[in-house]
Structures are given as structure tokens and as C-alpha cells.
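Results of the structural survey
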Amino acid sequence: MLSEKMTSALNVQLNKEFYSSYLYLGMSTWCAHTGYNGGASWFMIQYEEERIHALKVYQYMISQGSKINLLPIDHPQMKYSSLLACFEESLKHERLMTSAFNELCDLAIQKKDHTSYAFFQWFLQEQIEEEASVSDIIAKLKLVGDGNGIFMIDTQLGQRQLNIQGTTNADKAM
Ligand code: FEO
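Report follows, based on the coordinates. (Residues numbered from 1 in each chain as written. Predicted model: local features only at pLDDT ≥ 70, side-chain atom pairs only at ≥ 80, totals over all residues. Heavy atoms only, no water.)

A few words on the pattern of salt bridges. Applying the stated criterion across every chain, the model contains five salt bridges. Between Arg 51 and Glu 48 there is a salt bridge, and its shortest N-O distance comes to 2.9 Å. Residue Arg 51 and its partner Glu 48 are located together in helix α2 (residues 37-63), separated by three residues, close to a single helical turn. The exposure class of Arg 51 is partly exposed, given its relative accessible area of 31%. With relative accessibility at 24%, the residue Glu 48 sits in the partly exposed group. (Salt bridge = Lys/Arg side-chain N within 4 Å of Asp/Glu carboxyl O. Helix = DSSP H or I, 4+ residues; strand = E, 2+ residues; numbered from the N terminus. Buried < 20%, exposed > 50% of the residue type's maximum accessible area, 1.4 Å probe, protein only.)

Take a look at the structure:
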């Protein structure tokens, strides 16, 4: 049984994961409207992965007999100045998510909640991989600047496959 404080924090985290998926759906939409079909596909997979993360939190709460509270999901940003700006926003967001999981770990330690602490380790590992993957794409986009190389990067982004577990980024293109 989770503490009231942990239940409330997990409901917020559940909402953050759903917001993440929505944010990436917005990026995918912007890419599709702009002609970056590879980017649209990459962010659509990211949308799916975030949805899987949300459901992972949801299932954990159900398994612990915690009361789920589905909070409203904020409207995501839908306009970006460039593909690079999309990925920079993504990195900024993922860093916030890493901080959120660190805070959840702090709460688990404070509450001596070893079960939740162990559960959060999977997400922290995922955050390391997500930040690394997005940073790598940002570095490549900065290298090509506004040149034609951006279309080659867009094609590579389109090769990313969905990892149905949402577990690792090993199969992420780039
Ligand atoms: Fe579920 Fe990208 O953090």
C-alpha cells in the first residue's frame, strides 16, 4: 500500500507522462505539416513510448491498490521554428522528467518505500538513454545547420522503430 503522499505524487507523474506523449504528438504534427516526414515518424514513436510510460505508472498504481486520479492534460506547444528547436525542446522536457523521477526517489527514501524506489529505477535508466539519444540528434542537426544534410537526417529519423516495451533506446535510429 502506497502512502497518500506517494499516491498523489504518482498521479502527478502519470499526468506528466501523458503530457509528454501529447507534447511529442504536437512535435510530430508540426513535422508532418512542415514536410519532415522522418521527424514526424520519430516523434510519433516517442508519443507511443510516452504513452507506454504513462500506462506503466498506471499499472503500478493499480497493482498497489492506489486511487487513480486522471488530471487534465495541458495543451502542448504546436509551433516550432525548426527541427532543431523541436529536439531542443524535447531535451529540455526530458531533463525536467529526470528531475521529477529524482524527486520521486527522494520521496520514496523519505517514506522508506523501497518498492516504489525500485520501480523508479527503470525510469531513471530510460531517462539517461532518452537524454543521450536526443542530445546526439541535436549535435548532428547543429553540424548540418540549414544545409541539405538536414534531409539526410530526416530520412534517418524515419528509420526509428517502436520498442513495444518502451524499455530501451537501443533500437532508436540515430
Ligand atoms: Fe517518459 Fe521521456 O519520459
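What follows concerns the packing of aromatic side chains. The way to describe two aromatic rings as a pair is by their centre distance and the angle between their planes. Using the criterion set out here, one finds twelve aromatic pairs in the structure. Aromatic side chains Tyr 60 and Phe 119 sit 4.0 Å apart centroid to centroid with 10 degrees between the ring planes, which places their arrangement in the stacked category. A residue pair is termed long-range when its members are at least 10 positions apart, and Tyr 60 in helix α2 and Phe 119 in helix α4 (residues 114-144) qualify at 59 residues. Of the two residues, Tyr 60 and Phe 119, both sit in the buried class. Each ring, one from Phe 101 and one from Phe 123, has its centre 4.6 Å from the other, and the planes form 15 degrees; the classification is stacked. (Phe/Tyr/Trp six-rings, centres within 6.5 Å; stacked < 30°, edge-to-face > 60°.)

Summarising the element assignment, Val 57 is placed in helix α2. It is 6.0 Å that separates the C-alpha atoms of Val 57 and Leu 14, two residues lying 43 residues apart in sequence. Once residues lying within four places of it in the same chain are set aside, the contact partners of Val 57 are Leu 10, Leu 14, Glu 17, Phe 119 and Phe 123. (Contact = heavy atoms within 4.5 Å.)

Another aspect to go through is the side chain of Ser 66. The residue Ser 66 is located in the loop between α2 and α3 (83-110) in this model. A relative accessible area of 10% places Ser 66 in the buried class. Those residues in contact with Ser 66 that sit more than four places away from it in its chain are Leu 2, Thr 7 and Met 61.

Looking now at the packing of helix α1 (residues 4-34) against α2. Two numbers describe how α1 lies on α2: the axes approach to 8 Å, and their chain directions differ by 165 degrees. Taken as axis vectors, α1 and α2 run roughly antiparallel relative to one another. Where α1 crosses over α2, the two elements pack in a sense that is left-handed. For the contact of α1 with α2, the residue count by class is 18 nonpolar, eight polar and three charged. (Axes fitted to C-alpha atoms, helices over the stretch in contact; angles between N-to-C directions. Parallel < 35°, antiparallel > 145°, perpendicular 65-115°, else oblique. Left-handed = near helix turned anticlockwise from the far one by under 90°. Nonpolar A, V, L, I, M, F, W, Y, C, P; charged D, E, K, R; others polar.)

Attention shifts here to the packing of α2 against α4. Orientation of α2 relative to α4, taken along the N-to-C sense of each, is 170 degrees, at an axis distance of 12 Å. The angle between α2 and α4 places the two elements in the roughly antiparallel class. Here Trp 42, Gln 46, Glu 49, Glu 50, His 53, Lys 56, Val 57 and Tyr 60 of α2 lie close against α4, whose contacting residues are Thr 115, Ser 116, Phe 119, Trp 122, Phe 123, Glu 126, Glu 130, Ser 133, Val 134 and Ile 137. Here the contact of α2 with α4 is composed, by residue class, of eight nonpolar, five polar and five charged.

So yeah, pure geometry; function would need other evidence.
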